[in-house]
Structure formats: structure tokens, C-alpha cells
Amino acid sequence: MESESQPSVQRPRLTLPRTARVTHGSDFERAWKLGSRARGELLVVVANRNGLEGARVGLSVGKKIWKRAVDRNRVRRIFREAFRLTRHDLPGGHDYILVPAAPKLEPTLAATCRELARLGPKAVARLREKQAGGNPAT
RNA sequence: UGAGGCGCCUGGACGGUCGCUCCGCCGCAAGGUGGGGAGGAAAGUCCGGGCUCCACGGGUCAGGGUGGUUGUCAACGGCAACCGGCCGCGAGGCCAGGGAAAGUGCCACAGAGAACAGACCGCCUCGUGCGGGCGCCUUCGCGGGCGGCCGCGCGGUAAGGGUGAAACGGUGCGGUAAGAGCGCACCGCGGACCUGGUGACAAGUCCGGCACGGCAAACCCCACCCGGAGAAAGAUCAAAUAGGGAAGGACACGUGGCGACGACCCUCGUCCAGGGCCUUCCGGGUAGAUCGUUCGAGGCCGGGCGCGAGGUCGGUCCCAGAGAAAUGGCCGUCGCCCCUCGCGGGGAGACAGAACCCGGCUUACAGGGCGCCUCACGCC
RNA sequence: GCUGCUGUAGCUCAGUGGUAGAGCACUUCCUUGGUAAGGAAGAGGCCAAGGGUUCAAUCCCCUUCAGCAGCU
């Protein structure tokens, strides 16, 4: 944590512009159809190639998870903040759809960051495996 | 001091830092900079409107809603004041609160009787029949007469008991064989008149003599109101692909018509084979984009009007606008609550998240605060 | 965003303004050497919650809470 103040690695600023968000329904549908998944304690990560430079995030928090809109917003904001902090450590060129793993979880930011950093690359690796085995052309 | 009633407000504050979104300015751009950024319920979607599109000659019926009166309002099933009923010692609270002498229907069980009422237990001995025994009078006696008693029946009665949610007015006095609106007084009920009030209604006088049980959130009747859908409404722009129309061109020999999956027929002289391409423009329109989309029956302050809901005049302010959907993360100080005698320290922090916009209603809500009023006790 | 439907025994469902029922399941007994089937008896319900109308509400009315379905 304290090593971040070192100037040795020139880290980019931790922003989250709209270009880093999945904003189209068709992108979501492609991810559900073609993407690979990795499941953890708190969240499920669905990864799919997007043909762009950086990583993008999409949030999918359904009404079954929490009944109240306040709680759903809470989960969304934690997921979004976790992606903002870990976004440059994840493999680029992919869309990541984040889904709560189970109903009525109360994720903390630190735990979500850890899981996202672990599950993101895992899902991307599975995607490569799948595409190499099945269809070689993208 | 304690217990309570009513109305209302608030819903942590400040700072640093990393981000998000909208607007203004600077910049070719990347970006920089200044400012705004959830609620009283944003909720449920129970009502009412604005707005948009669709439908529409008028009337009637059907269907739905509302239901004291007068107001208020853009409108309402909201709100205010008043009226009536019920509850509370009281401040106050609650009420779908029109019509049951237009009609239909229902009122279980219990009970004698339940909607043109009824007579079980009782009560009565005025009337009447039978039986029993008693007293008195009369008779030698049998017998007869009179009086009153008991039982059974006819009869009278509806006060009392009992049943029920409800029993065909209530209480008291008179009256009677016992009783009964049978009579009287008061109350209730009904009718008429009159007074006050815009009105709901209230007060008063007179009369009637009780006739008219309840349920319309049962059907229904009466009065009034209501066209449908909803911003994913709707409007504008508009790729790619396919297809439609028009013009021009190229290729080709076949072209065109009727017609039909192949046949066949007609026209130019017959038969066979085959082609249907390119460019430009037009219109519809999908993905997508933009608008609708936040200045409004708006907030705040003040004046005068009204009991009040509210209305009016003047001043002032601009106060969220996303779109797989911003309003968040981390840190610090103070404040509040809980644990602890205390210092210190630790923990918790309600209900809940805008999606076209308003007016209400309803529901949820840790804690804190304000105002007015009532009752009880104590002291002066 | 809008609309509709359903909440009754452990489960699946009836029911209607007047003491709430059926089938399966459960308990006990009989039958059998034993089990199943069969027979007999029994238990189990604040009819989703809160108000209101009514003499009386599972039923009628209002509000709330769940669950399900549909339209776009």
C-alpha cells in the first residue's frame, strides 16, 4: 500500500471515464453469449474481447440480489470503485461484466478489489483457452 | 410535578484528497478552471390534473366512481369551516354521513313469537262451565239458598320472567279483576306552522297517539362526475444490409405483352440458349443520435383580504437532470446516542435512492426540537 | 413504466354473510410371521396482516405485506 508513493513506476491516474464503461445492450449480450466467466466469493466476472485498447466495465445487479434500490446502488458503487482502482492491472482489450455472486451479500471495497484482481485475469485466460481450442478466428 | 391531546420542524456539521455527472468560460485537442448535484417521504401507485398521441356529429343505454352542507382549488375520492351522530371527565378523536311509506331480497341459532307478530312460564276471578270441600241460613231429614276458598277448562291480558343482535315506543303517576297510550306529564317518534341560517340544520308552538325494526361497504333508486392510452407517450435526423420507385448509362440479341413456377398464346420473320449490371436521386424505415427534459398551478421575503383551506399585490432567486443509468471511496476534527464511576478508549448512526412534471392520500422512519391546549395533585 | 391474479391444515385445493371441508401426509389400533395395501379412530387452522360495515366477516369495503403472471 505504502509503495504506491514511490515514483519508480509511473502509474496512470485512477480515473474512470465513460469510455471505460460498457454502455450498450449489444455489448452486454455479446459478453453473455461469447464471454468466459470466473466465479468468486463476492462476484462473478464475465470477460469478453472488445477490440479496443483498454478495459471496460459493465455492472449487472438484478432485483433478486437486493430488493431495495438503495442496497443495489451500494453494491454497484463498490463494484465500480473496485474497478476504478484495479483497472490498469487488468488485461486490456476486454469488457468485464461484474455480477454479484449471491443474493444479499454486503461486499467491502478491499475484498472486492482483491477478488477482482484475481478473477479478471482468470476469466481472460479462460477466454483465450476457449478461443484457441474452438474457433481460431476472432 | 405527573399524565395526556393537537399542530409543526429537523433528519449531523466542517475540512482535505482521489473519482463521477451537468452547466458556464478558456483551449484545435488532450485538458484546465468556476459553479450545481437525492427525499420528506424520491416509496406504494390509491386518486386528481398538466403534457403527448389516438379516437370523436348528437343523444340514450351499459360500465365505473363519488355521496351531510357551504366553500377552496387547474382538478380531486384532497383540504377548510360548519351541521348531525358516536366515543372521551376534558383538550379532542372517529364517521362511505343521500334514499328502507319505488320495488326485490336477507335476518342463522335460540325463542311462544322475527316483520300483515306472538302466548311458553305466568297474572286475573269481572264473566262463564264442571268438580271438591268449608262457613252461615233453612229443613225432622233428603235437599235448597247465599257467601267465600281450591283445582281444571272456556275467556281476558301482554305489565313481569325467559330467548335473542333486535320483541311493534321509554320512565313515572293514575287506572283496572289483572292489564294495556286506556288516560295524563316528560322524553323519543311523526306531521303542520313559524323564527333564525346561503345551506346542512337548529330553536319554539300546536297536533297526532305510536302507525314507520335492521341491512343499501345486498340488488337497487336518486343526484353529480368519467373517451382511450401513457414519456418505452410523441417529434426530428438517420448508417449497414435487403427491398420499393424514378432517371441516365452499359452489356446483350432477342425484346415486349397476356399469363403462370417451367408449358402455352400473341406481336416483330421462326427456333434454341440466356441475361437482368452500374451510377445518381427520391420515399418509407431498423440500429443509433438529438429533442421532449426541466422555469414550474415554482421557492423565499414582505404588505394588506379571509375564522380557515386559500387568494392577491410587490420584491427577490434559479434550485439535480442521468440514460446498462452521476450524486461515490478514503482520511481528519467537532457534535449526538450507547458501554464505562470517571479519564481514556471502543461501538452504533433511522426510513430510505430522482427518471416527464405537479396537487394530494397512504405507508416506513433511530434520535432531537418548537408551539398551543386539557386533566390531576401540590404550593403561593 | 403500466396492468392483472392469488394468499385457507405439513402439501395440493374446495367453500360460502351464520359452528371451515376434501384428498394425500401424520399418530394410535386392527389385519399379517413381518412390510405394503386395506379397515377403524384421532390430532392438526387467530382462513396473509391491520382497520371498517354488519347482530354476526374466510366471504363485503379500505389500507398494508408477500408471491406469481402479463404488456411495452
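Before any of the text, the structure's been laid out above.
Residues numbered from 1 in each chain as written. Chains lettered and ligands numbered in written order. Predicted model: local features only at pLDDT ≥ 70, side-chain atom pairs only at ≥ 80, totals over all residues. Heavy atoms only, no water.

Some thoughts on the protein's contact with RNA strand B
Part 1 of the reasoning: Neighbouring RNA strand B are 21 residues; Arg 13, Arg 21, Val 22, Arg 68 and Arg 80 lie closest to it.
Part 2 of the reasoning: In RNA strand B, atoms within 4 Å of the protein come from the sugar-phosphate backbone in 72% of cases.
Part 3 of the reasoning: Within the backbone of Val 22, a nitrogen or oxygen atom sits 2.7 Å from a sugar or linking oxygen of RNA strand B.
Part 4 of the reasoning: At 2.3 Å, a side-chain N or O of Arg 68 approaches a phosphate oxygen of RNA strand B.
Part 5 of the reasoning: For the surface near RNA strand B, the secondary-structure elements that each account for two or more residues are helix H1 (25–34) and helix H2 (69–86).
Part 6 of the reasoning: When residues in the surface near RNA strand B are grouped by element, the largest group, eight residues, is from H2.
Part 7 of the reasoning: Looking at side-chain class alone, the surface near RNA strand B contains eight nonpolar, four polar and nine charged residues. (Near = heavy atom within 4 Å. Polar contact = N/O pair within 3.5 Å; in protein donor to acceptor, adjacent residues only side chain to side chain. Helix = DSSP H or I, 4+ residues; strand = E, 2+ residues; numbered from the N terminus. Nonpolar A, V, L, I, M, F, W, Y, C, P; charged D, E, K, R; others polar.)

A word on the side chain of Arg 72
Part 1 of the reasoning: Mapping Arg 72 onto the fold places it in helix H2.
Part 2 of the reasoning: It turns out Arg 72 is buried and unbridged, and the closest side chain with the opposite charge, Asp 71, is 7.6 Å from it.
Part 3 of the reasoning: Beyond its immediate sequence surroundings of up to four residues, Arg 72 is in contact with Val 61, Gly 62, Lys 63, Trp 66 and Lys 67. (Buried < 20%, exposed > 50% of the residue type's maximum accessible area, 1.4 Å probe, protein only. Lys, Arg positive; Asp, Glu negative; His and termini not counted. Salt bridge = Lys/Arg side-chain N within 4 Å of Asp/Glu carboxyl O. Contact = heavy atoms within 4.5 Å.)

Quick word on the pairing of strand S4 (residues 94–100)
Part 1 of the reasoning: In terms of burial, S4 is largely enclosed, as seven of its seven residues are buried.
Part 2 of the reasoning: A two-sided burial pattern is seen for S4, the buried positions comprising His 94, Tyr 96, Leu 98 and Pro 100 on one face and Asp 95, Ile 97 and Val 99 on the other.
Part 3 of the reasoning: Here seven bridges tie strand S2 (residues 43–49) to S4, and the two strands are oriented antiparallel to one another. Across the sheet, Leu 43 pairs through a bridge with Pro 100, a residue of S4.
Part 4 of the reasoning: Sheet analysis places strand S3 (residues 56–59) next to S4, joined by four bridges and oriented parallel. Across the sheet, Arg 56 pairs through a bridge with Asp 95, a residue of S4.
Part 5 of the reasoning: Viewed along the sheet, the connection from S3 through H2 into S4 turns out left-handed. (Pairing = 2+ DSSP bridges. Right-handed = clockwise from strand over helix to strand, strands pointing away.)

Focus: H2
Part 1 of the reasoning: Under the 1.5 Å per step criterion, the end-to-end length of H2 is 26 Å for 18 residues, consistent within 8% with the ideal 26 Å.
Part 2 of the reasoning: Listing the buried residues of H2 in full gives Asp 71, Arg 72, Val 75, Ile 78, Phe 79, Ala 82, Phe 83 and Thr 86. Taken around the axis of H2, the buried residues stretch over an arc of 135°, which confines them to a single face. Residues of H2 that are exposed and point over 90 degrees away from its buried face: Val 70, Arg 74 and Arg 77. (Expected span 1.5 Å × (residues − 1). Arc of directions from axis to C-beta.)

Note that all results are geometric; they support no functional claim without further evidence.
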